Amino acid sequence: MKRNFVILSRLKLRTLKQRLIFLLTMSTMVSVIFTTVISYNAIISIQQNKVNTSISSTLERFTAQLDRDYYNLLQITQQMIPQGHVGSDVDEYFFSKQPYDRSVLTRRISNNIELITFSYPNVILVMYYNLQNNTILFCNLPPVDNVLLADLPRIKQEFEVTYHTFHSSVYKFGGHPVISVARNTVFSNDLEVTIYVEAKNDIKKDLNSLLNANGMDCIFLQIDSNEQIKYSSNPNIFKVGEMFDLSFEGLSESINGYICYKRDSQHGFTNVLLVPKGSYNREFYTWGTSILIVTFIVLIIIGLTGIIFYKLIYKPLHIFESEMEEVGRGNMEAINYYTGIEEFDRIFSRFNIMKSKIQKLMRDIEAKEKQRRNLEIEKFYYQINPHFLMNALNSAQWMAVVNNQLDISKYISKLNYILSYSLGKTDQDTTLRTEIKMLKTYLDLQKMRYDFDAFINVAEGDYLDTCVPRLILQPLAENAIHHGLDQNGLLVIDVRLNNNTQMIDIVIQDNGK
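Residues numbered from 1 in each chain as written. Predicted model: local features only at pLDDT ≥ 70, side-chain atom pairs only at ≥ 80, totals over all residues. Heavy atoms only, no water.

*Asks:* Got a minute to help me understand the overall build of the protein in this structure?
*Replies:* Looking only at helices and strands, one finds 11 helices and 14 strands in the protein. Relative to all contacts within the protein whose residues are 6 or more apart in sequence, the contacts with residues 24 or more apart total 56%. Total accessible area computed for the protein in this model is approximately 31600 Å², and 56% of it derives from carbon and sulfur atoms. (Helix = DSSP H or I, 4+ residues; strand = E, 2+ residues; numbered from the N terminus. Contact = heavy atoms within 4.5 Å. Areas by Shrake-Rupley, 256 points an atom, 1.4 Å probe, with all protein chains shown as cover.)

As structure tokens, then:
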């Protein structure tokens, strides 16, 4: 936090107003950038997943539909060749000489053709076409006058079968967009006949209705195996007969301002759907406009919020600054303020409480300082008594030595050491080693008074130089002597380092109750 304040200071943002404007501006920019990035990624994801998937699935569905329609047309022509169910009657018709027989066969052929067209609802016109004189032999509906099948747009020629791309129906009263198949066959009388079957398929209308629902325009192309355009829903832009490059990898590509999607048909040609980039990116442009509007509104709201925020905070802070200056001058008088803002009112209330505590603290400090001076004087007085006692013991020891009272001299010497050690005059750096030394001295004095044995077992090592608090062993030994030993008692003290726990074990045992 301190680093942030340093950064703001280095930016020469000294006042609260400058920092509020800076922070609001930065937070606004970060929020807008963050929102823009997130929404941009979202719209790109939507465009890639929704739009691309929608267009690809639409093209794939229509390609599958066209394949089914062409396959159905081939199935119908298969029944109309001489080996088929209908074609066998036609072959018999050509060899029949009797008018009655021909009439019966004609009726049977017409009924069979009607049954075929009934099984395939999309099929409009089915007919046998005589190539030699360009006449109609049999048909289910009347065709247009002067039928010329050779003029129909071809997309593929495979042996005797010709695939026609989208064109107007040959049905006289139709005019619907259709696809068709023509199969050349020869009957037993060596008559060359073309079997023509067409099915209704207004794919341009279906595609436009689906894609326009998403707000997109499109152009549909059918391209043969030589990459030549055989059908174009918009020949003003992509003309029939022009070459179209299908060498791009994948199922979509950007070509000349269009997003291109392709699907290969099972019958050897390619269906292509072209969507203008402007239409493709319409959602993206709409998103951009929405982002600009939202950003503008957010900036206005944040600006108004900043002004209100500044007015709500700056005035109470100015009052608080004045109060701080009064405290600096030593004025601890409590003044009640009401700003209408609960947080600031709470701050002023706590500030008054702080003033009262400061006044109390100053009185307490003054009292403690007076007490500290008194304690120092008393401490000086108390220090005189131990020094006098130690000097007196030294004098008594020398008197015992002079009078050849060695036991008394030894006792007084040990007592003097214990007193000096307890007062911190001797062995000022307290370690476990000095504690054990003091303990041994204490036990020697007690053994002169009481009848017991004491053994101290100390394992040597560097751990004995560990710093410890003063007088931690003597109280334990004293408790064992006074409360745990009987007559002729035994006290055993073990001191060693536990290598497993790296702890110092001190065990004090007695044989008492």
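Having seen the model, we can carry on.
*Asks:* What should I look at first to understand a nonpolar patch on the surface in this one?
*Replies:* On the surface, a nonpolar cluster with roughly 690 Å² of combined accessible area is contributed by Ile 293, Phe 296, Ile 297, Ile 300, Ile 301, Leu 304 and Ile 307. The topology assignment puts Ile 301 in helix α7 (residues 282-328). (Patch = residues over 30% accessible without salt bridge, like charges linked within 9 Å, V, L, I, M, F, W, Y side chains within 5 Å. Salt bridge = Lys/Arg side-chain N within 4 Å of Asp/Glu carboxyl O.)

*Asks:* It is not clear to me how the nonpolar core should be interpreted in this structure. Could you clarify?
*Replies:* Met 80, Tyr 128 and Val 197 are the most contacted members of the largest nonpolar core, which has 41 residues in total. For this core, the leading source of residues is helix α2 (residues 16-80), giving 8 residues. When sequence neighbours within four positions are dropped, the list of residues in contact with Met 80 reads Val 86, Gly 87, Val 126, Met 127, Tyr 128, Phe 187, Ile 195 and Val 197. Counting residues in hydrophobic clusters, the runner-up holds 23 residues, among them Ile 418, Leu 439, Ile 481 and Leu 485. (Core = buried A, V, L, I, M, F, W, Y, C linked by side-chain atoms within 4.5 Å. Buried < 20%, exposed > 50% of the residue type's maximum accessible area, 1.4 Å probe, protein only.)

*Asks:* How should I be thinking about the pairing of strand β13 (residues 489-498) in this particular structure?
*Replies:* Regular strands place side chains that alternate from one sheet face to the opposite one. Direction of pairing for strand β12 (residues 452-458) relative to β13: parallel, over a ladder of 7 bridges. Residue Asp 453 lies in a different strand from β13, and its bridge partner there is Leu 490. Between β13 and strand β14 (residues 503-510), which pair antiparallel and follow one another directly, the connecting turn spans 4 residues, one of which, Gln 502, has a positive phi of 55°. (Pairing = 2+ DSSP bridges.)

*Asks:* For this particular structure, what's the right way to read the packing of aromatic side chains?
*Replies:* Where two aromatic rings form a pair, the distance of their centres and the angle of their planes describe that pair. Evaluated as defined, the whole model comprises 13 aromatic pairs. Judged by centre distance (5.5 Å) and plane angle (65°), the ring pair of Tyr 70 and Tyr 163 falls under edge-to-face. Of this pair, Tyr 70 sits in helix α2 while Tyr 163 sits in strand β4 (residues 161-168); the two residues are 93 residues apart in sequence, bridging distant segments of the chain. With a centroid separation of 6.0 Å and 80° between ring planes, the pair formed by Phe 166 and Phe 220 is classed as edge-to-face. Note that Phe 166 is positioned in strand β4 and Phe 220 in strand β7 (residues 219-223), a separation of 54 residues in sequence. For Phe 166, a relative accessible area of 7% gives the class buried. Put simply, the rings of Tyr 93, Phe 94, Tyr 128, Phe 138 and Phe 187 pair up and form one aromatic cluster. Its guanidinium or amino end placed over the ring of Tyr 93, Arg 102 lies 4.6 Å from that ring's centre, counting from NZ or CZ. (Phe/Tyr/Trp six-rings, centres within 6.5 Å; stacked < 30°, edge-to-face > 60°. Lys NZ or Arg CZ within 6 Å of the ring centre and 35° of its normal.)

On their own, these measurements won't tell you what the molecule is for.
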